[in-house]
Structure formats: structure tokens, C-alpha cells
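Structural features, examined
Chain residues, written in single-letter form:
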Amino acid sequence: VGGGALDVAARLVREGGVLSLWTGSGAAVARCAVLTAVQCATYDRAKELAAAAAGVRTDDVRAHLAASLLSGVASTTATTPFDNVKTVQMVRRSSALAASRAVWREGGGARGFLRGWWSVYARIAPHTVIMFCSLEWLRAALGAGRRG
């Protein structure tokens, strides 16, 4: 085990060539795209539903918080499979297909793709809450927040 990031990078290049530095990046990029798409697709609708359920306006911080948490649930569910495939790819230096097969085989089928869901949610939920509550604060500060 090396003495730092540069030692690890040098070993990767030595053993697998320069392209080995990007092992797992395809799954990481796909995960980022899915995360952003799911967050954007779910937040505003979740905000409307949360506001209606709580009997508050959509510009109420309680609606923002609930919608952010719900968006985090959807985002976590959509991205955890990518996290698991990416991890197997990086550890085994395998293709996405080989890593997906390993997750399926060793994780007990489809459940293997959702392994670690709670730890992913623990990482995504605070980020989602801070991001969307900040967005709503900016909307209000710029006069774009009143929608009903």
C-alpha cells in the first residue's frame, strides 16, 4: 500500500496504463446524470404534494424540507445501483457489464444493486436539503419564490 494519492496513481499507470486512472468513471458520470435528473424531476412535484398534505403554501420552509427529503429518497433509489457497480468496477478493474453481473450474482439478485441504500441516503439527504432550501431562499430573495 502506497504512501499517498500520487503513489497510487503511479502504480495504476504502471500496472494498467494511463486509461486505468479512469476506471469506473463511466458509472460515476452516469450516476451524476441520474442524480441530477431525478432531483430536478421530483423536487417541485414533491413540494406541491408536501404543501398540500401539510396545508401550507409551496413557499413554506416545511414544504421545502419535506420535498427535499422525498427527492433524496428518489435520488438514492435511482443512484445506489450506479454506486455499487462503480465500486465493483474500481476494486476489480472490470467492465461495467462484468461489475453489474458480479453485483447481481454476489448480492442476491436485484437486491444487490440497492446494497448500502441507507448509507447513500445519509450522504445524499443533507446535500439535497441544503441545495433545495438554498435554492428556495435564492428564489425568494430574487422575487421568484411566490407561486402559491
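Presented here is an overview of the structure given in this document. Along each chain, the written sequence defines residue order, and numbers are assigned to residues from 1. With the structure being a predicted model, the display of local features is reserved for residues of pLDDT at least 70 and the display and counting of side-chain atom pairs for 80 or more, all residues being used for whole-chain, interface and lining totals. Computation of side-chain values covers all heavy atoms of the structure but excludes hydrogens and water.

**Let's talk about the overall build of the protein chain**
We count a stretch as a helix when DSSP gives it H or I for four or more residues in a row; a strand needs E for two or more, and each element gets its number in order from the N terminus. On a plain count of helices and strands, the protein chain comes out with 5 helices and 0 strands. Along the chain direction, N to C, the helices and strands of the protein chain fall in the order α-α-α-α-α. C-alpha atoms define the radius of gyration in this analysis, and the globule rule sets the expected value at 2.2 Å times the number of residues to the power 0.38. Taking 148 residues into account, the globule formula puts the C-alpha radius of gyration at 15 Å, and the protein chain, at 20 Å, lies well above it. Projecting the C-alpha coordinates of the protein chain onto the three principal axes gives extents of approximately 60 × 35 × 20 Å. Exposure is judged per residue with a 1.4 Å probe applied to protein chains only, and the accessible area is read against the type maximum: over 50% gives exposed, under 20% gives buried, and values in between give partly exposed. Here the protein chain, with 148 residues, has 34% of them falling under the buried criterion. We call two residues in contact when some of their heavy atoms are within 4.5 Å. Taking contacts inside the protein chain between residues at least 6 apart in sequence as the whole, the part at least 24 apart equals 68%.

**Describing the layout of surface pockets**
Here the term cavity refers to a set of points on a 1 Å grid, laid over the protein atoms alone, in which a 1.4 Å probe fits but cannot get out; the term pocket refers to an open set having protein on both sides within 12 Å along at least five of seven lines, with lining residues being those that place an atom within 4 Å of a point. Grid points are joined across faces, edges and corners, and a volume is the space filled by probe spheres set on the points. A volume near 170 Å³ is recorded for the largest pocket. Lining of the largest pocket is provided by Asn84, Thr87, Val88, Val91, Arg92, Ala102, Val103, Glu106, Gly107, Gly112 and Arg115. Looking at the lining of the largest pocket, the elements with two or more residues in it are helix H3 (61–92) and helix H4 (96–106). Residue composition of the lining of the largest pocket, grouped by class: 4 nonpolar, 4 polar and 3 charged. Three residue categories are used. Nonpolar comprises Ala, Val, Leu, Ile, Met, Phe, Trp, Tyr, Cys and Pro, charged comprises Asp, Glu, Lys and Arg, and polar comprises the others, including Gly.

**Focus: the pattern of salt bridges**
Here, a salt bridge means any side-chain nitrogen of Lys or Arg that lies within 4 Å of a carboxyl oxygen of Asp or Glu. The full count for this structure, using the stated rule, is 14 salt bridges. Arg105 is the salt-bridge partner of Glu106, the closest N and O atoms lying 3.9 Å from each other. Linked by salt bridges that have partners in common, Arg31, Asp83, Lys86 and Arg123 make up one network.

**Topic: the nonpolar core**
Val85, Val88, Ala99, Ala102, Val103 and Phe113 form the largest nonpolar core, which has 6 residues in total. By residue number, the principal contributor to this core is H4, which donates 3 residues. Excluding its chain neighbours within four sequence positions, the residues that come into contact with Ala99 are Val85, Val88, Gln89 and Ser94. Here, nonpolar core means buried Ala, Val, Leu, Ile, Met, Phe, Trp, Tyr and Cys residues that are tied together by side-chain atoms lying within 4.5 Å of each other.

**Digging into the environment of Ala78**
Structurally, Ala78 is set in helix H3. Measuring from C-alpha to C-alpha, the distance between Ala78 and Leu114 comes to 9.1 Å, with 36 residues separating the pair along the chain. When residues no more than four places from it in sequence are discounted, the contact partners of Ala78 are Val34 and Val38.

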